[in-house]
Amino acid sequence: MSEFDLLRRLAAEALGTALLVATVVGSGIMAETLTKDVALALLGNTLPTGAILVVLISILGPVSGAHFNPAVSLVFALKGELTARDALGYVAAQVAGGVAGTVVAHAMFALPLIDASLKMRTGGAQWFAEGVAAFGLVATILAGIRFNRSAVPWLVGLYITAAYWFTASTSFANPAVAIARSMTNTFSGIRPADLPGFIAAELCGAVVALIFMNWLLRGAGEAATTKEAQP
């Protein structure tokens, strides 16, 4: 990642988030158009999302790290692998890219470019589900980097594909994507009023995952070295 300057990294983050959101929103619109079966529509939304994540992380990961997610950027900032300035830039690029992705999806289906969602997604169970979704995503990324970095695109894509179905919230797990999805009154939308609960849960889940995985992935040698270094 260090061989690319900040501007190129921000462009990669914006592009990746835009294409991710365009896929989420666009496949939701297509699925809703083709079937009235909600389960089948969700499947039609799930598979393209998991697939595009594999593609985007594979091609843009070498440029920016392929976060496409403020919660992930927060984790890497807390790990000291991203400066505060760069992390803020990443978040701004991700949110802007996500909004652009919604606009692109709407334009492709001849819908109003911005249309605030009316779909209610709120309540303790939904918030807890988002915390679980973000926890699992960050745990997948950190363990994948530790043990099999080249598999991370597939691990993330498969995790999100599964989490669409085992979480009550259908696994947004991404504040930038949640913001973008509040601007579409289609299958994948979320009311703007419901964003604070989702975003707070996602950030909390990500931080808890960082704390837990830092402990879990610390090998015996590392733990011993740390203990010896203590006064």
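In this text, all values refer to a predicted model and were calculated from it rather than measured experimentally.

Participant: Would you take a moment to explain the packing of aromatic side chains for this structure?
Facilitator: In the structure shown here, the tally under the stated rule is four aromatic pairs. Consider the rings of Tyr159 and Phe166, whose centres lie 6.3 Å apart with planes at 75°: the pair is edge-to-face. For Tyr159, a relative accessible area of 12% puts it in the buried group. When the ring of Phe212 is compared with that of Trp215, the centres are 5.8 Å apart and the planes differ by 45°; the resulting orientation is tilted.

Participant: Which parts of the structure should I look at to understand a nonpolar patch on the surface?
Facilitator: Together, Leu40, Leu43, Leu47 and Trp165 make up an exposed nonpolar region whose accessible area comes to about 390 Å². Counting residues per element, the nonpolar patch draws most heavily on helix H2 (residues 38-64), at three residues. Along the chain, Trp165 falls in helix H6 (residues 152-166). You can call Trp165 partly exposed: its relative accessible area is 43%.

Participant: Looking at this model, I keep getting lost on the UniProt feature "transmembrane region" (unreviewed entry) in the protein. Mind explaining?
Facilitator: Within this structure's numbering, the places UniProt gives as "transmembrane region" (unreviewed entry) are residues 12-31, 51-78, 90-114, 126-145, 152-177 and 197-217. Secondary structure content for residues 12-31 is 100% helix and 0% strand, while the C-alpha to C-alpha distance between its ends is 28 Å. Between the end C-alpha atoms of residues 197-217 there is a gap of 30 Å, over a span that is 95% helix and 0% strand.

Participant: Explain H6 to me, please; I cannot follow it from the model alone.
Facilitator: Working note: α-helix, 3.6 residues per turn, so residues spaced by three or four point in the same direction. Spanning 15 residues, H6 covers 20 Å between terminal C-alpha atoms, matching the ideal 21 Å at 1.5 Å per step. Within the sequence span of H6, burial applies to Val152, Pro153, Val156, Gly157, Tyr159, Ile160, Ala163 and Tyr164. An end-on view of H6 places all buried positions within 165° of arc, on one side of the element. Across H6 from its buried face, at more than 90 degrees, point the exposed residues Trp154, Leu158 and Phe166. For H6, the secondary structure elements touched by its buried residues are helix H1 (6-34), H2, helix H5 (124-147) and helix H7 (175-181).

Analysis parameters
Residues numbered from 1 in each chain as written. Predicted model: local features only at pLDDT ≥ 70, side-chain atom pairs only at ≥ 80, totals over all residues. Heavy atoms only, no water. Phe/Tyr/Trp six-rings, centres within 6.5 Å; stacked < 30°, edge-to-face > 60°. Buried < 20%, exposed > 50% of the residue type's maximum accessible area, 1.4 Å probe, protein only. Patch = residues over 30% accessible without salt bridge, like charges linked within 9 Å, V, L, I, M, F, W, Y side chains within 5 Å. Areas by Shrake-Rupley, 256 points an atom, 1.4 Å probe, with all protein chains shown as cover. Salt bridge = Lys/Arg side-chain N within 4 Å of Asp/Glu carboxyl O. Helix = DSSP H or I, 4+ residues; strand = E, 2+ residues; numbered from the N terminus. UniProt positions renumbered as here; feature names shortened; annotations may be inferred. Expected span 1.5 Å × (residues − 1). Arc of directions from axis to C-beta. Contact = heavy atoms within 4.5 Å.

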